[in-house]
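An overview of the molecular structure
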Amino acid sequence: MSLNPAQLEAVRTLKGPVLVLAGAGSGKTRVVTYRIRELIEHGTPADRILAVTFTNKAAREMRTRTTELVKSRKGGQRPEVSTLHSLCVRILRRHADRIGYPKQFSICDQGDQESFARAALRNVRVEQQKLKPNDFLSLVGGWKSRGLGHEAALSGATDDREQLAAMAYERYQAALVAQGTLDFDDLLLCTERLFTEFADVRSAEAARFDHLMIDEYQDTNASQYRIIKALALRHRNLCVVGDDDQSIYGWRGAEVAHILNFRRDWPEALIIRLETNYRSREPILELANTLIANNGTRHAKVLRPFRRGGEAPRFLRFDDETAEATAIVREIEQKSSREDEERVPLNHFAILFRTNEQPRAFELEMRRAKVRYVLVGGQSFFDRKEVRDILAYLKVLANPSDEVSLLRVINTPSRGIGASTVKALMGAALEAGTTLWSVIPEAIGRIDLPQATRERVFAFTRLLERYRSRLSGEAVSAVVRALIAEIDYKQELERIYKTPAEVEGRYTAVDGVVRTIEEYEARTEKASLEGFLEETVLGGRDDFADDRDKKQYAVTLMTLHSAKGLEFPHVYMIGMEEGLLPHRRVIAEGNVDEERRLCYVGVTRAEDTLTLSMCKSRMKWGKARPSIPSRFVLEMRGEKEKAARAAEAGQALVTRDLETAAAAEVAADKKASAPKQRRLAVNGSVPAETATRAKPAGGPNGSRRPSDRAPAGGQPRESQPVPGVPKQQGPWSVRS
C-alpha cells in the first residue's frame, strides 16, 4: 500500500469520527478509496458503507476506483457511492408519500424552475422590473439551503425585495407540490423534513449503513450538514475529508464553520492532516502557503512539495486588458507552435479569471491568432430548445402531472391546440382543484370547443398513453426514437429555422438525446426513464464541460470557481486587481477571506508554471479607470504593508464606483419618471418624491451591469490617480 504516513493513518483509523484535512493535491480520493478497501478487509460488508461527495464527476471517479476493489467479492456487494442529492432522491423515492409527495415525483431543472418562478411572481403581482425570476430563485435557493420555509423567509425579510420574494415563495412551493415536483434544493429540504418529522424514517435510513464517509466536507450547507449528522449519529463512524482553505462556495450556502467546528460536534474526533502536495512545484506552494496564512480563522496546515525545484511564479503588469490578452496569447501561441522537444500542447494551458466579462479580450485575441480555445461555462447541451422539448416529452411520460412539461409539449410540434384551448383546460383544472392531465378527459366533453380541436386533444393524450405503455416492455431509447419520428420533430425544425445547415445542426442535438439515453442504458443494470431523467437533472454541467472539452486540443478559459478540483501544467491567473480579485462586491461587504481562499485555489491548480497578471487601467463605463494591484499579489510576495495600502485604496475605489453608479441610477430614475410626473401635474396630482435607495453596481453574485463592460477594441485613456496610492506602486515585471 503506497501511502505516506498521514494517508496511512487516515486509512487505518476505522472507528469513531475522523476529520481528514486534505490540502490541495494531497491525494484525498486515494485515501477515501483505500479506506473503503480497508473497511471491507476488516469485515465490514461493502453495502454497509456509504461514501458521499458533491459532484457527479467525483462520484463517478470514486465509484470506478471502489468497484475495482470489491468486484471479485462474493455476492457482488458494493459500497454505495453517490452525491448527496442522489442519495436524497433515493431516500425520497422510499418515503416521499409521508410528506405529501408521490414516490414518482418529478425533479424540475433550471428552465422549469424559471417557469414556476414567473407564475409565482405573477400571482403576487410582482413586476419583473422589481424582481426578476432568476433573482427570485437565487433568494429561494438561499432560504432553502438554510432550511427555511416561506413563513421563516417572510419573518426574516430585511427589505421590500425579500418580502415580495418570500410572498411569491409560498405560491412557488405550492405549485411544485400540486404537480408532484421537487426542485434541486427540495431534495435536501424534504429529506431533512422527513428526518425531523418522522423518527422511524430517520432511524431506518441511518440503520442502512455502519460507516459514512463525506468528501469535500467544507462545501456543506446547513441542510446537508444536518442530514449527514442524522445519518451518522447512531454509529458515530463518520469520516469527513475536506480543506477549509478551499471553501469557496459561501455565496451558494456552504458554511466553512462546519469543518472548522467539527470537533465541537464530535468531541472524540481524531484530526489528521494531509500536507504533502503531489501536484505543484515548490515555488508555487511557497506562494500559496504565504497567501493563505493571512486568513485568521482556519485549521493550521502547510503544504509541503513532493516535486522539488521548478520555475518561480511570474508577476506581470500591463497597460490595459488588451495588452494583457495580446501578450499572454502570443506567449501561448509561441510555446505551442514550436517544432522541438520544448513544444507545449495547447491543452496544457489554462487561463483563470474571476468574472465572466474578463475572457472577452482573450477570446478576441485567440480568434485573431487562430489559437484553439474552449470557454468552460457556455450554453449547456441540455439548455438547447430542441433538447428541452424532447426532455419535456420524457418528463410527461414519466409523470403526467408535470404541468410545466405538459404545457411545453401540448402544441409542440404544432398540432392545432391553441392558447385559448390551453387556457380553457387550465381553467377547468383550476376549478376542479386537480392537475391538467387529470382533468382533460372530463373537461374536453364539457367545455365549449370545436369538434376538430377536441379530436386533436384526444389524439395528443392517446399518443402519450400509448408511449407510456410501451415503456414497460421496450428499451427507453427505442421508445424515444419512435416518439421523435411519430411527432415528426424534424419537420418542426424545418418550419422554425431557415437554412438546412441549422436544421441539421438542431436535429443532431435531438439525436444526441437518444444517444445519451443509449449510453445511460449501456452502463446501467436496471435502466428506466425515471433513472435517466434523474441522472440528467442531477448531472453537473461543469462535469460535461470538464470531461468533454478538456480532451480537445485547446487552451482552457474558465472561472476560478469552475477550476476547483482540476489541475494544469501551465496556469495564467489574469486580472489580479482590487475590485476583480477580491471582487468589489466582497470588498463592499468587508470580508475577503473567501476571496483569498478562491485565489489560493487558483494558485494551487498550477503544476509546473504560474503567471499572475494585472493591468494599470481597465475600461469601465466607457472610460479607462485606474486599477490597483490585488492585495493578494502583495501578500504572496510577503509585502504586508503594501498589501494593507492596496486594501485601503481598493476600498476607496469601490466606494467611489458605488457612489458613481448610485448617482447614475438616480439620474436615470428621474429622467424616466419625468414624463409621468408631467402627466400627473396636468391632472393636478403630483406624488411626493420618494427616496431612491443606492444600490451596488454589481448584480446577483457580483455580476456586472452591461455598462461595466469595455467596448471591443477600446483603447485606455489617461488614468486618474487613486487617492493615497502612487500611480506606479511596487516593483512589477511588465511585458507587453
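1. Brief notes about the overall build of the protein
- A count of helices and strands for the protein gives 31 helices and 18 strands.
- Considering only residue pairs separated by 6 or more positions, the protein has 77% of its internal contacts joining residues 24 or more positions apart.
- Carbon and sulfur atoms make up 49% of the accessible area of the protein, which totals about 33600 Å².

2. Quick notes on the side chain of Lys144
- Residue position: Lys144 is located in helix α6 (residues 133-145).
- Those residues in contact with Lys144 that sit more than four places away from it in its chain are Tyr169, Tyr172, Gln173, Leu176, Asp183, Asp185, Asp186, Leu189 and Ser223.

3. Re helix α29 (residues 593-603)
- With 10 of 11 residues buried, α29 is to be regarded as a mostly interior element.
- Of all the residues in α29, the buried ones are Glu594, Glu595, Arg596, Arg597, Leu598, Cys599, Tyr600, Val601, Gly602 and Val603.

4. A look at the environment of Arg281
- Inspection of the secondary structure puts Arg281 in strand β9 (residues 276-281).
- In this structure the C-alpha to C-alpha distance between Arg281 and Phe306, which are 25 residues apart in sequence, comes to 7.9 Å.
- Beyond its immediate stretch of four places on either side in the chain, Arg281 contacts Arg307, Arg308, Gly309, Gly310, Glu607 and Asp608.

5. Some details on the nonpolar core
- Formed by 49 residues in total, the largest nonpolar core has its most connected members in Leu394, Phe460, Leu464 and Val480.
- When residues in this core are grouped by element, the largest group, nine residues, is from helix α17 (residues 385-398).
- If sequence neighbours within four positions are ignored, Leu394 has contacts with Val480, Ile517, Leu529, Phe532 and Leu533.

6. Some thoughts on the confidence of the model for the protein
- Looking at the protein as a whole, its pLDDT mean stands at 83, while 85% of the residues score no less than 70.
- Below pLDDT 50 for its whole length, residues 540-551 participates in 22 contacts with residues either more than four positions away or in separate chains.
- In this model residues 682-736 is a low-confidence stretch, pLDDT under 50, and it forms 100 contacts with partners more than four residues away in sequence or in other chains.

7. Focus on the state of the cysteines
- Evaluation of the coordinates by the stated rule reveals zero disulfides.
- Unpaired in this structure, Cys190 has its nearest cysteine sulfur neighbour in Cys88, at a distance of 9.6 Å.
- Owing to a relative accessible area of 6%, Cys190 belongs among the buried residues under this scheme.

8. Remarks on the packing of aromatic side chains
- Per the counting criterion, the structure on display carries nine aromatic pairs.
- Between the aromatic rings of Phe116 and Tyr172, the centroid separation amounts to 6.5 Å while the plane-to-plane angle is 90 degrees, which identifies the pairing as edge-to-face. With a gap of 56 residues between them, Phe116 in helix α5 (residues 110-123) and Tyr172 in helix α8 (residues 160-178) connect regions that are remote in the sequence. Per residue, the accessibility class of Phe116 equals that of Tyr172, and both read buried.
- Both rings, one in Trp143 and one in Tyr169, keep their centres 5.7 Å apart while their planes meet at 10 degrees; by these two values the pair is stacked. Of the two residues, Trp143 is situated in helix α6 and Tyr169 in helix α8; the sequence distance between them amounts to 26 residues. Like Trp143, the residue Tyr169 is buried in the burial classification.
- A network of ring pairs unites the aromatic residues Phe116, Phe136 and Tyr172 as a single cluster.

9. Describing the packing of α5 against α6
- In the contact formed by α5 and α6, the axes pass within 9 Å of each other and the chain directions differ by 100 degrees. Here α6 runs roughly perpendicular to α5, going by the angle between their axes. Facing α5, whose interface residues are Gln113, Glu114, Ala117, Arg118 and Leu121, α6 presents Pro133, Asn134, Phe136 and Leu137.
- For the contact of α5 with α6, the residue count by class is five nonpolar, two polar and two charged.

10. So, the sheet that holds strand β1 (residues 18-22)
- The six strands lie next to each other as β3-β2-β6-β7-β1-β8, forming an open sheet whose pairing is parallel. Sheet topology places β3 (80-83) and β8 (270-274) at the edges, where each strand pairs with a single neighbour. Neighbouring strand axes in the sheet, compared pairwise and without regard to direction, differ in orientation by 15 degrees on average.
- In terms of strand pairing, β1 meets strand β7 (residues 238-242) through four bridges, oriented parallel. Of the residues in β7, the one forming a bridge with Leu19 is Val240.
- Set on the sheet, helix α1 (residues 5-12) makes contact with β1 and β8; between it and β8 the angle comes to about 145 degrees.

11. With respect to the pairing of strand β10 (residues 304-307)
- Where β9 meets β10, three bridges bridge the pair, whose relative direction is parallel. Bridged to Thr276 within β10 is Arg304.
- Taken together, β9, helix α14 (residues 282-292) and β10 constitute a β-α-β crossover, and its handedness is right-handed.

12. As for helix α10 (residues 199-206)
- Among the residues of α10, Val201, Glu205 and Ala206 are the ones counted as buried. Down the axis of α10, the buried set is contained in an arc of 125 degrees. They therefore lie on one face.
- Looking at the buried residues of α10, the elements they touch are α4 (84-95), α9 (184-197) and α11 (222-232).

13. Brief notes about unusual backbone geometry
- In this model, Thr412 is joined to Pro413 through a cis peptide bond whose omega is -5 degrees.
- Among the structural elements, Pro413 can be located in the loop between α18 (403-409) and α19 (419-432).
- Each neighbour pair has its own omega, and for Leu581 with Pro582 the value is 10 degrees, a cis peptide bond.
- Inspection of the secondary structure assignment puts Pro582 in the loop between β15 (568-573) and α28 (584-589).

Quick notes on the rules
Residue indices follow the written sequence of each chain, beginning from 1 at its first position. Owing to the predicted nature of the model, reporting of local features is limited to residues with pLDDT of at least 70; listing and counting of side-chain atom pairs is limited to 80 or more, with chain, interface and lining totals taken over all residues. Excluding hydrogens and water, the side-chain figures rest on all heavy atoms present in the structure. Helix and strand assignments follow DSSP, with helices taken as H or I runs no shorter than four residues and strands as E runs no shorter than two, numbered in order from the N terminus. We call two residues contacting when some pair of their heavy atoms lies within 4.5 Å. Surface accessibility in these figures is a Shrake-Rupley result with a 1.4 Å probe; residues are shielded only by whichever protein chains are displayed. In this scheme, a residue with accessible area under 20% of its type's maximum is buried, one over 50% is exposed, and one in between is partly exposed, where area comes from a 1.4 Å probe on protein chains only. Remark: nonpolar core denotes a set of buried residues (Ala, Val, Leu, Ile, Met, Phe, Trp, Tyr, Cys) joined through side-chain atoms within 4.5 Å. Values of pLDDT, which run from 0 to 100, indicate the predictor's confidence residue by residue. Defined by distance alone, a disulfide is two cysteine sulfur atoms within 2.5 Å. Only centres within 6.5 Å qualify two rings of Phe, Tyr or Trp (six-membered ring in Trp) as a pair; their planes then separate them into stacked at under 30 degrees, edge-to-face at over 60, and tilted for everything else. Lines fitted to C-alpha atoms define the axes, with helix axes restricted to the stretch in contact, and inter-axis angles between N-to-C directions lie between 0 and 180 degrees. In what follows, roughly perpendicular refers to angles from 65 to 115 degrees, roughly parallel to angles under 35, roughly antiparallel to angles over 145, and oblique to any angle outside these ranges. Basically, the charged four are Asp, Glu, Lys and Arg, the nonpolar ten are Ala, Val, Leu, Ile, Met, Phe, Trp, Tyr, Cys and Pro, and anything else, Gly included, counts as polar. Paired strands, in this sense, are two strands between which DSSP finds at least two bridges. By convention, a crossover is right-handed whenever its connection, traced from the first strand over the helix to the second and viewed with the strands pointing away, goes clockwise. What the arc describes is the spread of directions from the helix axis to the C-beta atoms.

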